[in-house]
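So you can see what is in the structure, the chains are spelled out below.
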Amino acid sequence: MVLRKLKSPLFHSFAVVFSMMLLSGCGRRESNVERGNREGILFLGNGTEPKTLDPHIATGVPEHNVISALLEGLVAEDPKDLHPVPGMAQSWDVSPDGRTYTFHLRSEAKWSNGDPVTAADFVYSFRRMLTPALAAEYAYMLYPLRNAKEFNTGKIEEFAEVGAKAPDTHTLVLELANPTPYFLQLLCHYSWWPVHPPTIEAFGAFLRADTRWTHAGNFVGNGPFTLKEWKINQRIVVERNPAYWDADTVTLNAIRFLPIDNANTEERAFRDGALHVTSTVPLHRIDVYKKDSPELIRFDTYLGTYFYRFNTTKPPLDDARVRRALALTIDREQLTKYVLKGGQSPAYHFTPPETGGYTSRARFHADEKEARRLLAEAGFPGGKGFPVLELLYNTSEQHRTLAEAIHQMWKTKLGIDIRLVNQEWKVYLDSVRRMNYQVARASWIGDYNDPTTFLDMWVTEGGNNRTRWSNPMYDNLVRQAAACRDQTQRFDFLHQAEALLLEDMPIAPIYFYVRSMLIRPSVQSWHPTLLDHHPYKYVRLAKK
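Criteria and cut-off values
- Residues numbered from 1 in each chain as written.
- Predicted model: local features only at pLDDT ≥ 70, side-chain atom pairs only at ≥ 80, totals over all residues.
- Heavy atoms only, no water.
- Helix = DSSP H or I, 4+ residues; strand = E, 2+ residues; numbered from the N terminus.
- Buried < 20%, exposed > 50% of the residue type's maximum accessible area, 1.4 Å probe, protein only.
- Expected span 1.5 Å × (residues − 1).
- Polar contact = N/O pair within 3.5 Å; in protein donor to acceptor, adjacent residues only side chain to side chain.
- Pairing = 2+ DSSP bridges.
- 1 Å grid on protein atoms, 1.4 Å probe; cavity = no way out; pocket = protein on both sides within 12 Å on 5 of 7 lines; lining within 4 Å.
- Points joined across faces, edges and corners; volume = space filled by probe spheres on them.
- Nonpolar A, V, L, I, M, F, W, Y, C, P; charged D, E, K, R; others polar.

Student: How do you make sense of unusual backbone geometry when you look at a structure like this?
Tutor: Trans is the common state for peptide bonds, and a negative phi is the common state for residues other than glycine. Backbone torsion omega between proline 315 and proline 316 reads 0°, so that peptide bond is classified as cis. Phi at asparagine 233 is positive, roughly 65°, even though this residue is not glycine. In this structure, asparagine 233 sits in the loop between β8 (225–231) and β9 (235–240). Phi is positive for aspartate 532, close to 55°, though the residue is something other than glycine. Along the chain, aspartate 532 turns up in the loop between β17 (523–524) and β18 (540–541). Take aspartate 532: its relative accessible area is 13%, and that puts it in the buried class.

Student: Looking at this structure, how should I read helix α13 (residues 397–414)?
Tutor: The α-helix advances 3.6 residues per turn, and as a result positions three or four apart in sequence lie on the same side. For α13, which comprises 18 residues, the first-to-last C-alpha distance of 25 Å matches the rise-based estimate of 26 Å (1.5 Å per residue) to within 8%. Looking only at α13, the buried set comprises Gln398, His399, Leu402, Ala403, Ala405, Ile406, His407, Met409, Trp410 and Leu414. The backbone nitrogen of glutamine 398 has a side-chain oxygen 3.2 Å away, supplied by the residue at the start of α13, namely serine 396. Count one or two residues on from α13 and you reach glycine 415, which has phi positive near 75°.

Student: Mind showing me how you'd approach the pairing of strand β4 (residues 89–94) here?
Tutor: A regular strand places its side chains on the two faces of the sheet in alternate fashion. Inspection of the sheet shows β4 paired to strand β5 (residues 100–105) by 5 bridges, in the antiparallel sense. Bridge assignment links alanine 89 to a residue of β5, and that residue is leucine 105. In this antiparallel pair of consecutive strands, β4 and β5, the connection spans 5 residues, and glycine 98 shows a positive phi of 75°.

Student: Teacher, can you tell me more about empty space enclosed by the protein here?
Tutor: Where empty space is left in the structure can be found by rolling a water-sized probe over the atoms. If you walk through the whole model with that rule in mind, you get 6 cavities of 30 Å³ or more. Here the largest cavity defines a volume of roughly 600 Å³. Lining the largest cavity are 40 residues, and of these His64, Asn65, Ser68, His534 and Tyr536 sit closest to its centre. Top element by residues in the lining of the largest cavity is helix α3 (residues 61–70). It accounts for 5 residues. Of the residues in the lining of the largest cavity, the class split is 20 nonpolar, 13 polar and 7 charged.

This is the structure:
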């Protein structure tokens, strides 16, 4: 899942904060936090404006934050460790060979308009997600289903051949191509969540990503909250859903997601009592909070990697020697210790350590001498003749600070120059998707706790590859891992695959994430989790 950081332009941030001030009234204003604690309204900093609330189109963390309040899949997540628990399905059976899952849906499960949630709704949703014309970037998440990849890539035309069947209203049978030990974790991802078929049809959205079905007043969901309001670049408001099957567990009456797209503005809003939880902490404020208000700042382990993508179709980045030279001259210790200062750790491989029990055996090391040798071998001794590269990032204080530091490292150690280019989030996403970049900052947050969530994305033509790197040996190793039931052997295939990835270097891993946030003591059951997921139906607000 793509993670974005806060942007530096102030206009949207000012608009959000100003609107919060207006809502507070005159005189000694009751803060958002005080009001929220009293009325059961959670005020969350969302980082930036979601691109969409369509679960079959979304790819980012800000989208997930909101969608997870509105929809629920077959299984849900335990609030403390995120292990799969019953969601729309009250129970399930697994065949002895691990290839067939039979889910038994709740008879009391309803959409927010009162329609029953049926097994056919899930089949419809999976068909939409996999239909090639929708071009869903996360379609590959459904590839464990028998013939899902073949249908999505146009090798077969009949969805009836895909392993998703609804023999009756409350029974859903999913047949897998191979046993998938992390399959239930996959189902917690929004790409597997259902959409309301009559709503999709009413707005002609089966094959389209830009319709109004996700707008307030149109969105029909099956989650613990309903979409009340969506004012672009101001707020998204969701309210408690009385039709939700487990409504008695939900104590929050509403959640307000505020897209404050400047880290400093968000921190000031937190200080002023406008937010319960922030999306990040400005780098220069971390030490201040550590010293003066340690009870308000938190650093949680986070399953994610920050890295740079290389466009392998554009010279000189089509040469692996050049890519390796760039990767080997980044001083990751300096960046994590003196720039980031939030407990991040240097990344010398791509998959974070201990991801589902896997830690990469392959790794590289900073080596300035070897980097200069590789660059000279590629035809650029001492950086002579090397073209000026553009480094693209979505506008953010942190991204800019890191880019400037890395630029200086490349200039000092390799004698090359780069030009920094920042773009607003949606424009940046489009540039990377269209391969309209040379070097681009990137991040990947695990969608589930297994190494495949990091390594599947680099297969040839993978929906989130976006480097055009292709290695048939890598593809074959990932396929073998997917078909392997023995964990040791499966990990061995993945170790070999990651070694190839690090040898060819279509990416440069930089650091492993730590989730830094500011959080009010009144927020309860906001447990530290690897994926930074916090099922809202369990979250509580203390009144004092």
